[in-house]
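# Results of the structural survey
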Amino acid sequence: MAAVFILSLIVLGWRIHATPIGSTFADSLAAIRAQDESMYVNSAFRMTQDGDWLNPKLMGRLFLFKAPLLQWLTAGCIHLFGLGLLSVRLPSLAAGAAGVAIVFAWVALRRSQVVAGIAALLLVSNPIWATFSRLCFTDVVASVL
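Residues numbered from 1 in each chain as written. Predicted model: local features only at pLDDT ≥ 70, side-chain atom pairs only at ≥ 80, totals over all residues. Heavy atoms only, no water.

## A word on the overall build of the chain
So the rule is basically this: By definition, any uninterrupted DSSP run of H or I lasting at least four residues is a helix, any uninterrupted run of E lasting at least two residues is a strand, and each is numbered from the N terminus. Burial classes follow relative accessibility: with a 1.4 Å probe on protein chains only, a residue under 20% of its type's maximum area counts as buried, one over 50% as exposed, and anything between as partly exposed. Every residue pair with non-hydrogen atoms within 4.5 Å of one another is taken to be in contact. Only the protein chains shown count as cover for residues, and all accessible areas are computed by the Shrake-Rupley method using a 1.4 Å probe. For the purpose of charge, His is not counted, nor are the chain termini; Lys and Arg are scored as positive and Asp and Glu as negative. Throughout, a charge is located at the NZ atom of Lys, the CZ atom of Arg, the CG atom of Asp or the CD atom of Glu.
For the chain, the count of helices and strands is seven helices and four strands. Along the chain, helices (α) and strands (β) appear in the sequence α-β-β-α-β-β-α-α-α-α-α when read from the amino end. With respect to the principal axes defined by its C-alpha atoms, the chain has extents near 50 × 30 × 25 Å. The buried share of the chain, reckoned over its 145 residues, is 35%. A sequence separation of at least 24 residues applies to 61% of the contacts in the chain between residues at least 6 apart. Summed over all atoms, the accessible surface of the chain reaches about 8,400 Å², with 67% contributed by carbon and sulfur. The distance from the centre of the 10 positive side-chain charges to the centre of the 6 negative ones in the chain is 7 Å.

As C-alpha cells, this is what we get:
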C-alpha cells in the first residue's frame, strides 16, 4: 500500500509546478478555470501572515463558506516549506495519492492484488481525480476523509 501511495504521489505530482494558480482548467470541456484555487491559497497564506488560524479570511473578510481543513493544511505546508506551488498543492496531492492507496487496499481485501492494481490505475488515470488532486481544492481532501 505504501508503494502504491508513493507511486501515485509521483504520477499525480508530475510537473505540478508547471501550471500557475488559477490558470488551469477545472473543466477542460467547458473551459472553466480553477479560480477557486486562488481563494483557498490566499486564505491559507493570510493565516500564516496574520497568525489567525481559527478565522479563515479572504480579502480581509471572513471566509466561512467551506470547512477550513484545506486552508489549515495548506497554511501548515506554507509555514513548513514556504510559499510555492508544490507547498500549496501538497495537501490535495497527498490526499489524492492516499485515495488511490485506499482504493487499492479496499479492493485487495475483497478481490486480488491484480484487481486492486487495476482499480488503483483506473483512479489515478481518471482525468477528474488527477486534475483535482493537482489543485488546491477541497474536493479530493473531502473525498478521502
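## Overview of the pattern of salt bridges
Keep this limit in mind: By definition, a salt bridge exists where a carboxyl oxygen of Asp or Glu is found within 4 Å of a side-chain nitrogen of Lys or Arg.
Here the structure, examined in full by the defined rule, presents two salt bridges. Put simply, Glu37 and Arg89 hold a salt bridge, and the shortest N to O gap is 2.7 Å. Placement of the pair is Glu37 in helix α2 (residues 36-50) and Arg89 in helix α4 (residues 85-110), with a sequence separation of 52 residues. For the pair Glu37 and Arg89, a shared accessibility class is recorded, and that class is buried. One salt bridge connects Asp52 with Lys57, and the closest N-O pair in it is separated by 3.0 Å. According to the relative accessible area criterion, Asp52 is partly exposed, its value standing at 23%. Under the relative-accessibility criterion, Lys57 is labelled partly exposed at 25%.

## Quick notes on the nonpolar core
We count it as follows: The criterion is simple. A nonpolar core is a set of buried Ala, Val, Leu, Ile, Met, Phe, Trp, Tyr and Cys residues joined through side-chain atoms within 4.5 Å.
Leu12, Tyr40, Val100, Trp129 and Phe137 are the most contacted members of the largest nonpolar core, which has 32 residues in total. When contributions to this core are tallied by element, the ones reaching two or more residues are α1 (2-13), α2, α3 (69-81), α4, α5 (113-124), α6 (127-133) and α7 (138-144).

## Re the packing of α3 against α4
For the record, the criterion: A fitted line through C-alpha atoms represents every axis, and for helices the fit uses only the stretch in contact; the resulting angles, taken between N-to-C directions, go from 0 to 180 degrees. An angle counts as roughly parallel when it lies under 35 degrees, as roughly antiparallel when it exceeds 145, as roughly perpendicular when it falls between 65 and 115, and as oblique in every other case. For a crossing to be left-handed, the near helix must be turned anticlockwise from the far one by less than a right angle; the clockwise case is right-handed. In this classification, Asp, Glu, Lys and Arg are treated as charged, Ala, Val, Leu, Ile, Met, Phe, Trp, Tyr, Cys and Pro as nonpolar, and every other residue, Gly included, as polar.
As a packed pair, α3 and α4 sit with axes 8 Å apart at the nearest point and diverge in direction by 135 degrees. By the angle class used here, α3 and α4 are oblique. For the element pair α3 and α4, the recorded crossing hand is right-handed. Of α4, the residues touching α3 (which contributes Leu70, Leu73, Thr74, Cys77, Ile78 and Phe81) are Ser87, Val88, Leu90, Pro91 and Ser92. Broken down by class, the residue content of the contact of α3 with α4 amounts to eight nonpolar, three polar and no charged.

## Side note on the packing of α2 against α3
Running from N to C, α2 and α3 point in directions that differ by 60 degrees, and their axes come no closer than 8 Å. Taken together, α2 and α3 sit at an angle that is classed as oblique. For the element pair α2 and α3, the recorded crossing hand is right-handed. Within the contact between the two elements, α2 uses Tyr40, Ser43, Ala44, Phe45, Met47 and Thr48 and α3 uses Leu70, Gln71, Trp72, Thr74, Ala75, Ile78 and His79. Residue composition of the contact of α2 with α3, by class: eight nonpolar, five polar and no charged.

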